[in-house]
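Coordinates in review
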Amino acid sequence: MKKLDRRIERTITSLRDALMQLIVEQGYDSITIQDITDRANVARATFYLHFKDKDDLMFSGMKLIYDQLADSITANSDNLDDFASPQDFLHVAQYADFYAAMLSPRGSMGFLVRTRAYLQELTEPMLERMLPPNQTPRIPLSLMAAYCAGIQISLIWWWVENRMPITPEDMGRIGLMISLHGLSWATGPLPENDTTANC
């Protein structure tokens, strides 16, 4: 049974790797199940034992990648500084070709929807822990989390599209400051000795 489990795991990994490679090479929409199984050297029947379609395969791969990301973030902290963590952008840099393809016109709207939902789900409990006891916020936490998720996706999109001209550390800080202070901070002058690139 253990040998079978390892064999199944290798098959699933091969299918996910094949899809990632094909997304980078030709974009998501044009990929067929046959393309994936040919690249992975896996029978179509085997593919359908594990996934119902390529969306199912992509989302399972996304969950694996994002679970790795969540493990690298200090999710139990109640400190706002943790929102300035560079981990999100270090993660994006690791999968830069994949993000460049998925955030391009060749990508998938489903990817954006799932990514936003994941970031919102990750952010909401962090915001909740930052509230003083028995305090009700002015707006729902889910709305604040959705706002933060939207900012993060936009920053990632810009960063990848412009070939990552700013360090992950500075991108994390920029995301935090925009979330906290909005455009009034973003459009202000760059302080002396600030290492952030003037974008």
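Note that this is a predicted model, so its numbers are computed, not measured.

1. Describing the packing of helix α8 (residues 141–161) against helix α9 (residues 168–186)
Two elements in contact, α8 and α9, have axes separated by 10 Å at closest approach and are oriented at 145°. The interaxial crossing formed by α8 with α9 has right-handed handedness. In contact with Tyr147, Cys148, Ile151, Leu155, Trp158 and Trp159 of α8, α9 contributes Pro168, Met171, Ile174, Gly175, Ile178 and Ser179. Of the residues that constitute the contact of α8 with α9, the class distribution is 10 nonpolar, two polar and no charged.

2. So, the pattern of salt bridges
Taken as a whole, this structure holds one salt bridge when the rule is applied. Of the charged contacts in the structure, one is a salt bridge between arginine 39 and glutamate 25, with a shortest N-O distance of 2.8 Å. Of the two residues, arginine 39 is situated in helix α2 (residues 33–40) and glutamate 25 in helix α1 (residues 2–26); the sequence distance between them amounts to 14 residues. Since its relative accessible area comes to 36%, arginine 39 is described here as partly exposed. The exposure class assigned to glutamate 25 is partly exposed, which follows from its relative accessible area of 49%.

3. Regarding the confidence of the model for the protein
Residues with a pLDDT of 70 or more make up 87% of the protein, whose mean pLDDT is 84. Looking across the protein, the model is least confident in helix α4 (residues 54–72), with a mean pLDDT of 82, and most confident in α2, with 97.

4. Some words on helix α5 (residues 87–94)
For α5, every residue scored as buried is listed here: Asp88, Phe89, His91 and Val92. Buried residues of α5 fall within an arc of 155° about the axis and therefore sit on the same side.

5. Topic: unusual backbone geometry
The phi dihedral of asparagine 41 is positive, around 60°, even though this residue is not glycine. The residue asparagine 41 is located in the loop between α2 and α3 (44–50) in this model.

6. Here's the deal with the packing of helix α7 (residues 109–130) against α8
Where α7 contacts α8, the two axes come as close as 7 Å, and the packing angle between them is 130°. What the angle tells us is that α7 and α8 run oblique. Classified by chirality, the crossing of α8 by α7 is right-handed. Contacts from Leu112, Thr115, Arg116, Leu119, Gln120, Thr123, Glu124, Leu127 and Glu128 of α7 reach α8 at Leu141, Ser142, Met144, Ala145, Ala146, Cys148, Ala149, Gln152, Ile153 and Trp157. For the contact of α7 with α8, the per-class residue count stands at 11 nonpolar, five polar and three charged.

What counts as what
- Residues numbered from 1 in each chain as written.
- Predicted model: local features only at pLDDT ≥ 70, side-chain atom pairs only at ≥ 80, totals over all residues.
- Heavy atoms only, no water.
- Axes fitted to C-alpha atoms, helices over the stretch in contact; angles between N-to-C directions.
- Helix = DSSP H or I, 4+ residues; strand = E, 2+ residues; numbered from the N terminus.
- Left-handed = near helix turned anticlockwise from the far one by under 90°.
- Contact = heavy atoms within 4.5 Å.
- Nonpolar A, V, L, I, M, F, W, Y, C, P; charged D, E, K, R; others polar.
- Salt bridge = Lys/Arg side-chain N within 4 Å of Asp/Glu carboxyl O.
- Buried < 20%, exposed > 50% of the residue type's maximum accessible area, 1.4 Å probe, protein only.
- pLDDT = per-residue confidence, 0-100.
- Arc of directions from axis to C-beta.
- Parallel < 35°, antiparallel > 145°, perpendicular 65-115°, else oblique.

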